[in-house]
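Chain and residue survey
Next come the chains, spelled out residue by residue.
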Amino acid sequence: MKIKNLIKAIGILCAMVMVLPTFAQQGLPQQQMQVSDDFTDEEYEEFVNVNVTLLPLQEESQMKMIRAIEGAGLKVERFQELAQAQQAGKLREVSGDENEIAKFNEAGQQVIEAQQEMNTKVVEAISSSELSEEKFQEMYMAYNQSEKVKSKVDEMIAKKIDN
């Protein structure tokens, strides 16, 4: 059970990738940041709190996306195949079925809306925390690049979820 919860918690950190483009649009520097792994205990605690708060929101968002895809008459795996093909500019090669492409487009619109809604909630959660958006971004990048930060955050999230 602990491992399952830890995997879910780590999933929210991976979902934060959606937030970084939002920050960039808001004018935060896009240059390669030097990654620091020197954060205070309070910063770690706040970073973990934000991510734990977002966990149920992420799960809800994922379910919305799944319902949208299935509601359009597609399987999630097929939607992913079509999305990858679209990104590669090969949608028509992967599916010549106009009906399937219409279903994909319908589901895609709803998925985008769910992602935008989730992005808004993520930004709100970060804004209402004690961390600045810049500090959150710095910690997020450190989580992805520093084993020290990743280990500490994962451990803290696991403890919070188990309590």
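Here, every reference points to the structure presented above.
Report follows, based on the coordinates.

Thresholds applied
- Residues numbered from 1 in each chain as written.
- Predicted model: local features only at pLDDT ≥ 70, side-chain atom pairs only at ≥ 80, totals over all residues.
- Heavy atoms only, no water.
- Helix = DSSP H or I, 4+ residues; strand = E, 2+ residues; numbered from the N terminus.
- Contact = heavy atoms within 4.5 Å.
- Areas by Shrake-Rupley, 256 points an atom, 1.4 Å probe, with all protein chains shown as cover.
- Buried < 20%, exposed > 50% of the residue type's maximum accessible area, 1.4 Å probe, protein only.
- Salt bridge = Lys/Arg side-chain N within 4 Å of Asp/Glu carboxyl O.
- Core = buried A, V, L, I, M, F, W, Y, C linked by side-chain atoms within 4.5 Å.
- Expected span 1.5 Å × (residues − 1).
- Arc of directions from axis to C-beta.

Attention now goes to the overall build of the chain. Counting secondary structure elements, the chain contains eight helices and zero strands. Along the chain, helices (α) and strands (β) appear in the sequence α-α-α-α-α-α-α-α when read from the amino end. When contacts within the chain are restricted to residue pairs at least 6 apart in sequence, those whose partners lie at least 24 apart make up 78%. Surface summary for the chain: the accessible area is close to 9,600 Å², and the carbon and sulfur share equals 50%.

Quick look at the side chain of S61 now. Relative to the helices and strands, S61 resides in helix 3 (residues 41-71). Here S61 falls in the buried class, since its relative accessible area comes to 7%. S61 has contacts with A114 and M118, leaving out every residue within four places of it along the chain.

Attention now moves to the pattern of salt bridges. Opposite charge on two side chains permits pairing when their charged atoms draw close. Evaluated as defined, the whole model comprises 13 salt bridges. Residue K152 is joined to D41 by a salt bridge in which the shortest nitrogen-to-oxygen separation is 3.2 Å. With a gap of 111 residues between them, K152 in helix 8 (residues 147-162) and D41 in helix 3 connect regions that are remote in the sequence. Two residues, K135 and E138, come together in a salt bridge whose shortest N-O distance is 3.5 Å. With K135 and E138 both in helix 7 (residues 133-145) and three residues apart, this pair spans about one turn of that helix. Several salt bridges converge on common partners, so that one network encompasses E60, K64, E117 and K121.

Turning our attention to the nonpolar core. Core analysis: the largest hydrophobic core is formed by 21 residues, its most contacted members being Y44, F47, F136, V149 and V153. When contributions to this core are tallied by element, the ones reaching two or more residues are helix 3, helix 6 (98-127), helix 7 and helix 8. Take this core: its biggest share by element is six residues, from helix 7. Within the second largest apolar cluster, twelve residues are counted, among which are A72, L82, I101 and F104.

Helix length check: helix 4 (residues 76-87) (twelve residues) gives 16 Å between terminal C-alpha atoms against 16 Å at 1.5 Å per residue, within 8%. For helix 4, the set of buried residues is F79, L82 and A85. For helix 4, the angular spread of the buried residues around the axis is 125°, confining them to a single face. When the buried face of helix 4 is taken as reference, the exposed residues oriented beyond 90 degrees from it are E77, Q84 and Q87. Residues of helix 4 that are buried in the fold lie against helix 3, helix 5 (91-94) and helix 6. In the segment just after helix 4, G89 is the residue with positive phi, at about 75°.

For the rest of this paragraph, the subject is helix 7. Between the first and last C-alpha of helix 7 there are 18 Å, a value that for 13 residues agrees with the 18 Å anticipated at 1.5 Å per step. All buried positions along helix 7 are accounted for by E133, F136, Q137, E138, M139, Y140, M141, A142 and Y143.

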